[in-house]
Amino acid sequence: MKRLIDSIGLTLVGAFVGVVLIIVVAPFLYSLVMSFDPRLYLGTFPPPGISGQWYAKFFSDERYVRALWTSLFIALTSSVAACILGTLAALGLLRIHREAPRAALDGMFASPKFVPNVVIGFALLMAFSIVGIGAGFTAITCAHLLIVLPLVVRSVSAALDGIKPSLIDAAMSLGATRAQAIFDVVIPLARTGIAVGFVFAMAVSLDEVAASAFLTTPSVVTLPVVLISDMKANFDLTIAAAAVMMMVLVLVVVAVLDITVGIERLLGRGSYGDSSNR
Amino acid sequence: MKTWRRINWPIMPPLIAVACLLVFPLMIVLSLSTRQVAPGQVGGIVGGYQLTLDNYLTFFHPAYLRYVTDTLWLSLIATTIAVLAAYPVAYWLAVAPSSWRRRLTIVALIVVLYASAVVKVYGVSIALGPMGLRGSIAEFWGVGMNNRLVTSTVVVVGLINFLTPIATLMMVAPFQQISPSLSAAAQSLGANRLTAHLTVIIPLCRAGISQVFMLVYAASVSAFVIPLVLGRGQVAFLSNLVYARFSEVADFPGGAALSILLLLITLCVTLGLGWIVGNPAAKWRGYRS
């Protein structure tokens, strides 16, 4: 009886999870397959053959290629800036020993996460117009910097969590200056956290649409914004090809992360996990 | 000299960045939202400053109310389904020993989570488009292909696609705080697995699960790309309305008021966590050592 109830329950749960899993995975496969469609119009699934025409079309379209470079450049700039500022923030938080001010500053650095990206985009556009900078490269980079900063602060703080101030004190008692202690002891220990933060910052920035949509100009447009506006206008499978390539880019990034850091570590093992893979 | 060294220098640059890029712009939006709209002016902004609440009062117009209910209601359906599906997967990830299957699942989840939203929304839009399953959905509801109900369903599917990986990864943490031997203990005392789970594990994780639910709901409420593309203008979220105020009608004070409304809704959702939480898991952890 007990086993019967168990197996019925598990089957029902399994079926439900299966359906949602299909909703999550199927659209990816659908885009992937359709991007190789040899037909010149949007037909039914599956396509009758295989062709690379949409990929060729992507690279021959100057608008897409320029947007791709803009996206990569903005992602790189904003992620590097976020890593520098995020590491400084994590180091600064280490120096604060009282609970209340540290929690307040912690919340301050996490706050962009709780503001919808649309609001960030709109607010930055208003502010930059008043200051006289206006929309464009600087504005998009600043928006992305703000959006990814909480990610970096969190991952660097997590990496520094184990070491705390005693190590700095130890280094300083052995004759190091504070600066030496930070550069020779703390930064190397935080390296993994900075790398993880950087990778995720890149991934988020490369994909940001809601804030960027407000801040683009006719000459400075990021790739996802171009793709989304084309998607609304026409059904062209070049978008599928571009989307698949962006996904491959993320796959490569995640694979690098897995090889260098080990992806299971990102989840942690909680209080009861085995300690072998910590 | 001493006060000079006592200043926490490292924290200054990031603090200034957040102040300049978030606090200052939000203040401007707040002040803009209380200004009168002037049709014909750039951005609808009048030269002189006149305080008004008109931009907020328009929200009570029935036409606006539909956007609010669409945002809140469709998000609620999608979040519920995503969290329910994420639950068993997250539980398994939390208690299962390290294996290639667990590893593969984590890699897949992270790839799906960070795979471009553009890919996801495009996949859904063609898979559930006129050449895809849109006809079957229309048949299921017994309405025409261009009915709002069909579009709403497509938006909900898009949201589920976007929210489930987030929910799964977030939900692993609360389960990791529970000793797996508790379920085994309940089963050895005669409970079946389901009862053991419902009466032992869920009460212990209640706080964590409701927290995940609220965070996922907040992410759904502020979704932008999914309703923009899949809603086809029939279904729009508040975020899309903010964008339309900027790109279509150039009514910046109206857009500012909408931004503040959207911000307030997401803040209420995320801060609303506080009152649900009566945390028995924390109590249990106290007995552990």
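Whatever comes next refers back to the structure up there.
These numbers come from a predicted model, not from an experiment.

## Notes on a nonpolar patch on the surface
All names here are of chain A. A cluster of nonpolar side chains, contributed by Leu21, Val25, Leu29, Leu32, Val33, Phe36, Phe45 and Ile50, occupies part of the molecular surface with about 710 Å² of accessible area. Looking at the secondary structure, you find Phe36 in the loop between helix H1 (2-34) and helix H2 (53-60). Owing to a relative accessible area of 31%, Phe36 belongs among the partly exposed residues under this scheme.

## Overview of the packing of aromatic side chains
Applying the stated criterion to the full structure yields 14 aromatic pairs over all chains. With 5.2 Å between their ring centres and 90° between their planes, Phe214 of chain A and Tyr243 of chain B make a pair best called edge-to-face. Taken together, the residues span two chains, with Phe214 of chain A in helix H9 (residues 212-215) and Tyr243 of chain B in helix H12 (residues 238-247). Between Phe246 of chain B and Phe252 of chain B, the aromatic rings sit 6.2 Å apart at their centres with planes inclined by 25°, giving stacked as the arrangement. Phe252 of chain B carries the same exposure label as Phe246 of chain B, and that label is buried. Counting every residue linked through ring pairs, the aromatic cluster contains Phe122 and Phe214 of chain A together with Phe224, Tyr243, Phe246 and Phe252 of chain B. Of note, Arg63 of chain A hangs over the ring of Tyr64 of chain A, and the distance from its end group to the ring centre comes to 5.5 Å. Cation over ring: Arg66 of chain B sits above Tyr67 of chain B, and NZ or CZ is 5.5 Å from the ring centre.

## With respect to the side chain of Ser51 of chain A
Residue and element names in this part refer to chain A. Relative to the elements of secondary structure, Ser51 occurs in the loop between H1 and H2. There is a polar contact of 3.0 Å between the side chain of Ser51 and the backbone nitrogen of Gln53. Setting aside its immediate chain neighbours within four residues, Ser51 contacts Ser35, Phe36, Asp37 and Pro38.

Rules used throughout
- Residues numbered from 1 in each chain as written.
- Chains lettered and ligands numbered in written order.
- Predicted model: local features only at pLDDT ≥ 70, side-chain atom pairs only at ≥ 80, totals over all residues.
- Heavy atoms only, no water.
- Patch = residues over 30% accessible without salt bridge, like charges linked within 9 Å, V, L, I, M, F, W, Y side chains within 5 Å.
- Areas by Shrake-Rupley, 256 points an atom, 1.4 Å probe, with all protein chains shown as cover.
- Salt bridge = Lys/Arg side-chain N within 4 Å of Asp/Glu carboxyl O.
- Helix = DSSP H or I, 4+ residues; strand = E, 2+ residues; numbered from the N terminus.
- Buried < 20%, exposed > 50% of the residue type's maximum accessible area, 1.4 Å probe, protein only.
- Phe/Tyr/Trp six-rings, centres within 6.5 Å; stacked < 30°, edge-to-face > 60°.
- Lys NZ or Arg CZ within 6 Å of the ring centre and 35° of its normal.
- Polar contact = N/O pair within 3.5 Å; in protein donor to acceptor, adjacent residues only side chain to side chain.
- Contact = heavy atoms within 4.5 Å.

All quantities given are derived from atomic positions and should not be read as evidence of function.
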